[in-house]
Amino acid sequence: MRLLTFLFITAIGPAIGNINADTLKPTESEALKYPPSLLPGNYNPAITTPSSVLGFPVGSRTSTTDQIVEIITKIASESERVSLTEYARSHEDRPLYYLVISSPENLARIPEVKADLARLADPRGLSEAEGNTIIDRLPAVAWFGHSIHGNEASGSDSALISIYHLAASLDEDVVSMLEKEIVIIDPCMNPDGRTRFMKIMEEARGVAPNVDDQSRLHTQSWPKGRYNHYLFDLNRDYIHGAHPETRGKVAAMNEWYPQLVIDAHEQGAQSNYHFSPSRQPINFNGPPQHEKWNEVFAKDQASAFDQRGWPYFNGQNYDDLYPGYTNYSKYRGAVNILYEQPGIDEDGVRRPDGSILTYKESVHHHLTSTLANLYTLAEHSAELYRDFLADRRLVTSESGPYGNRTFVVLPTRNESRMLSFVRTMKMQGFEMFTAEGDIEVASVTTQLGKNLSNMTIPRGSIVLPNRQPEARLLSAMLEFDTPFTDGMMLEERESLLRGEGSMMYEDTAWNTTMLHGLEAWTVNAHIDQNLVHYQEAVVDSGLKDVDGSIGYIINGDDDRSVGFAARAMESGISVRVLQRATRLDGNDWPRGSIVVSRNDHRTYDGDLAADIGRLADELGLSIQGFAHGTAPGDLPDVGGRYFTRLVPPSIAFVSNGKVNPLDLGAMWHVMDTHLGIRHSQLVWKGLAKFDLRRYNVIVLPDSWEPEISDAALTRLSTWVKNGGTLIANGGSAAALSAVGRKFTSARHISDTFENPGKYDLALQREWLALQKTIPDDSQIWSNVVPQDVTYPWNSESKSPGKDALKKLDDWQKIFMPKGAVLAARTDQKHWLTMGIGKQLPVLYRRPTVLMSDGSADVPVRFGVLSRIGQERWDQMQEENEGKKSARKIGWSTLPDQYEMNLRMSGLVWPEAAQRLVNTAYVTRERKGNGQIILFAYSPVFRGSTPGTGRLLLNALIYGPGLGTSQAIIL
Ligand SMILES: [Zn+2]
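Bear in mind that the values here come from a model prediction, so they are computed numbers and not experimental data. (Residues numbered from 1 in each chain as written. Predicted model: local features only at pLDDT ≥ 70, side-chain atom pairs only at ≥ 80, totals over all residues. Heavy atoms only, no water.)

(A) View of the sheet that holds strand S25 (residues 594-597). Here we have six strands laid out as an open sheet, ordered S20-S26-S21-S25-S22-S27, and mixed in their pairing. Bordering the open sheet on either side are strand S20 (542-544) and strand S27 (643-645), each of which pairs with just one other strand. For this sheet the average axis-to-axis angle between neighbouring strands, irrespective of direction, equals 30°. Here three bridges tie strand S22 (residues 576-578) to S27, and the two strands are oriented antiparallel to one another. Paired with Val577 across the two strands is Thr644, which belongs to S27. Strand contacts of helix H20 (residues 560-570): strand S21 (551-554), S25 and strand S26 (622-626), with the helix running at about 35° to S25, the strand carrying the most contacts. (Pairing = 2+ DSSP bridges. Helix = DSSP H or I, 4+ residues; strand = E, 2+ residues; numbered from the N terminus. Axes fitted to C-alpha atoms, helices over the stretch in contact; angles between N-to-C directions. Contact = heavy atoms within 4.5 Å.)

(B) Fine view of the sheet that holds strand S2 (residues 95-101). Strand order across the open sheet formed by eight strands is S1-S2-S4-S3-S5-S10-S6-S8, with mixed pairing between neighbours. Both outer strands of the open sheet, strand S1 (82-89) and strand S8 (312-313), are each paired with one neighbouring strand and no more. Inspection of the sheet shows strand S6 (residues 273-275) paired to S8 by two bridges, in the parallel sense. Note on S8: the bridge partner recorded for His274 is Phe313.

(C) Structural detail: empty space enclosed by the protein. Here the structure, examined in full by the defined rule, presents nine cavities of 30 Å³ or more. In terms of lining, the largest cavity is formed by 15 residues, of which the most central are Gln259, Gly333, Ala334, Leu384 and Phe388. Of all the elements in the fold, those that place two or more residues in the lining of the largest cavity are helix H13 (289-308) and helix H15 (359-395). Sort the elements by how many residues they give to the lining of the largest cavity and H15 lands first, with four residues. Considered class by class, the residues forming the lining of the largest cavity number nine nonpolar, four polar and two charged. (1 Å grid on protein atoms, 1.4 Å probe; cavity = no way out; pocket = protein on both sides within 12 Å on 5 of 7 lines; lining within 4 Å. Points joined across faces, edges and corners; volume = space filled by probe spheres on them. Nonpolar A, V, L, I, M, F, W, Y, C, P; charged D, E, K, R; others polar.)

(D) Highlighting the coordination of the zinc ion. The coordination sphere of the zinc ion contains the protein donors His149 (ND1), Glu152 (OE), Glu152 (OE) and His265 (ND1), at a distance range of 2.0 to 2.6 Å. All donors of the zinc ion come from a single chain, and their spacing in sequence reads H-x2-E-x112-H. Of this pair, Glu152 sits in the loop between strand S3 (140-146) and helix H8 (154-168) while His265 sits in strand S5 (residues 260-267); the two residues are 113 residues apart in sequence, bridging distant segments of the chain. The exposure class assigned to Glu152 is buried, which follows from its relative accessible area of 8%. (Donors = N, O, S within 2.8 Å, 3.2 Å for Na, K, Ca; no water. Buried < 20%, exposed > 50% of the residue type's maximum accessible area, 1.4 Å probe, protein only.)

Right, dumping it as structure tokens:
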């Protein structure tokens, strides 16, 4: 292999040239392009050169993850200017490192530096003079993160050069710069992704350079190196912390309060170099001085590029609304800069002007940016610290923008859900309290945007005053809505109307409480009374047995109960699920509670109590023994129909092909982290030939133009009818519900206009059932057939005709949300909603809009009803000239005296709200002995949506037992 490598380099060497980064000694013409003070000069010969490890000059090819580790480990052991820290291990057990590079004197006082930084970050009680003293003695701190997307390789290779340069240069300017600066470099933020990328590229290499960016070497095969092991985009994870790579990085960055945070990426191969500032929309929670500093850094960076005649741009393409990129550091006070280099992938790429942009040049671009930014920082560090301190004083003061606001999360019986939320908050170092007793407040705003007066915050609520050092990030994560500028709204609307698509680069909503499905309030006051610092409760887990126990039960409101059921069944223990709330031995149990009955284990040859006790302990759950099978009154008894025995799931996910890797990855992550049971991943093409009888649950993740052949569909159909549970998300759900496939009765909204009344009637049935009203006694018991019977269509409004509905739909779909949180109502008698309250915030992204005519259940539907007060209702009637209940939204009729709430967070244009309201988020339909469950959008997203994620857990683990008929095996 080594021989081939040499042949390869020899072959491509002359064609694309080499960068001799060994010495970074530029040619004469090159030398002129560096800022004079950073001219490479003499290097310490005791420091290993990257190319001596690589076997080729840096930038002539791509370095592997192992090579990067070898180089930085060597340099760290040789240089007195470098300290190396392993901050995390990836899922594939690769180490992640950051290097702290500075003068030996600065390295010797790191604890003092960190203490000073922390003091500035929380200046409560810090005098003006003390602040100035600290600023005077603090070195600048910069943080460079490279190649978080594993297939955007040039960042890491440029890091090898900058690390070597800073560690080994004997040049006076470098030496004196390191006296003033601490440079932290994370050379490889996604080692698992880079390793996948390198493997794919290795397989695509030939002997001649490949400069066609449409060729396999450049396009990569599914699922590409961009993602980490679980196919997550790590550059969206900073506010969720779903992965060890992120958690380690956030913990490290939060200790350092870097003044400058660089995130080096690649974009389309035919583009030019991009660096911050970003374009609108920009999140208002960023520090006001950020834009000013972005401009200062950009000016110097632009000038470094101008000197070399390199094209670049900024203020385009990338907005800065979503706070979960590396830009999360901005809310903590850093100047955040995004580098986007044309993606070259080794060899080089032919450009429209006939030239070849080489990988070496792409590495050089990042390097030049790095050096330029370091210089700017050295010059402005003290001023940046002064701005930082001033802003920290502002946000911790009563008169600051966050001085009088508090976020409150109401208590829940879902302990693991709450724990997930508080750990997300703790990861960011937010100050968090528990309400010691009830707290009276004048008014609160609910997640549905309602203002309620004279409310009581119940004891046990989690309280996060926004007036605190990390106020900006806290607000960005917990405020219910993130506003845009008026100008941005006009531009977005114009872009949609012109058919140029949304200008939003990312979702417009990500609120942590909503995605967790936790009820929260915003209180417009600073709360500091009746609080204790939040302490994670010690879980009283394991088995609580009683004398003569006939069974054991676990609270079904806790998400981990599903994990218990899954693991218990995996280890051969029989499990039942409670379908209606009941009371056993004086304890109340919600529906969804998990029961292990002794009677089901007459032939069990282990120690049942010990086995389930151990499982509960592992999951941090308490499992309660009970001695009597009878419940008071009509409540379900243990031997009745509501204690349903579950069928062990055997789960397969469909993979590869047109599957959206992010959706597959998110579900795989839930399987491994939440359930911990076996599953299979089948390539899509296998659906038409594999033996599907091995599985009783098959999941089709979201997909683009899904490849469901007729043969695959026929086999799936037979498999469902024989008792399978088929789950499909987003694009796959849309494909299955297409009219022509005749697979399910669920339909995409655009296919429902032939008979819209059918869908409206299904809706009215749901509403009337919920209202629990019956016709008047005099009518029911009358022996004469009554003349005036109320029917749901007793409305004066007529349904618009097919053509009108289609026209409306064509118009409405122009405005569909790019990613927003919508309010949904749930069917509290449906097994899919066990562990979920009446209202569920749902993260929704276009384009799938599902409808049911009543043949498929709709356990979760968009829109929450709220009653209109009598006074306002009368007024509305008056305005409507007495036309009673003549109220329709598209195909659906609104019940009298109710209105629909839909938008919870993010940009939802009114047209889209009208299109989405009353449509199904989830449908579940019986087919033969099996069932089909469709999600309009992925229920698990970025490991950040435990609220809707519970629906998926229920579907996966309870589906075979609750929605299907299984054969009795004789
Ligand atoms: Zn990227």
